[in-house]
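Analysis of the macromolecular model
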Amino acid sequence: KTDALNGNTIAGVKFNVYQGDTLITTMITNKNGVATVENLPKGKFTVKEASLPEGYAGDLVELEAVVMSDQVTELIAQNTPSKSKVKIMKRDALTDEPVAGAEFTITNQKKEVVAVLVTGNDGTTVSDWLPYGVYTVKETKAAEHYENSGFTAKVEAYEDGKTYELDVENTP
């Protein structure tokens, strides 16, 4: 079991093994992303992912396997990580007009910079897709003729496909 984007293995994923409609056994991936079942009889089986791993989105994996005597049947499955965006809307605190040229830095939990964004003429800026996780958004440079508001926010980007919106005001 691997991550579809970076190929990293995914541990702790539960799969149910069925023959027809009958649940035969359950297996869970180890730290190497591998789950095994030994001594299955010959026949056709369906392997179904029981639930998506934390931080991943999409459909549950369902694979067909044909088991033969004295052979290993290998199945490969991938999950796509959840991803989100951050949209910042910068406005003048007195006039409510959009403010262009404000710079924001987004960092991940490891304090690594993942994006530096600057608001456009409409006062907005939007990040690229960010993987599942917690981010800090900080105003790092005020627009010309404005004071830095000192704005900092934590974004818990756990919902796949969501754009988290932040409204920020500045005083001229």
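What comes next concerns the included structure. (Residues numbered from 1 in each chain as written. Predicted model: local features only at pLDDT ≥ 70, side-chain atom pairs only at ≥ 80, totals over all residues. Heavy atoms only, no water.)

On to the sheet that holds strand S7 (residues 78-81), then. Across the sheet, three strands lie side by side as S1-S7-S5; this open sheet has mixed pairing. Two strands lie at the open edges of the sheet, namely strand S1 (2-3) and strand S5 (56-57), each paired on one side alone. With two bridges joining them, S1 and S7 adopt parallel strand pairing. What sits directly across from Asp3, in S7, is Asn79. (Pairing = 2+ DSSP bridges. Helix = DSSP H or I, 4+ residues; strand = E, 2+ residues; numbered from the N terminus.)

Turning our attention to the nonpolar core. Val86, Ile88, Ile106, Val137 and Leu166 are the most contacted members of the largest nonpolar core, which totals 19 residues. The set of elements that each furnish at least two residues to this core consists of strand S8 (83-92), strand S9 (103-107), strand S10 (113-118), strand S13 (133-141), strand S14 (152-157) and strand S15 (163-170). Listed in part, the eleven residues of the second largest apolar core include Met27, Val47, Tyr56 and Val67. (Core = buried A, V, L, I, M, F, W, Y, C linked by side-chain atoms within 4.5 Å. Buried < 20%, exposed > 50% of the residue type's maximum accessible area, 1.4 Å probe, protein only.)

Here we come to the pairing of S10. One ladder, built from five bridges, connects S9 with S10; its direction is antiparallel. In the strand pairing of S10, Thr107 is matched with Val113. Between the end of S9 and the start of S10, which pair antiparallel, lie five residues, with Lys111 showing a positive phi angle near 70°.

Just distances and angles here, no functional claims.
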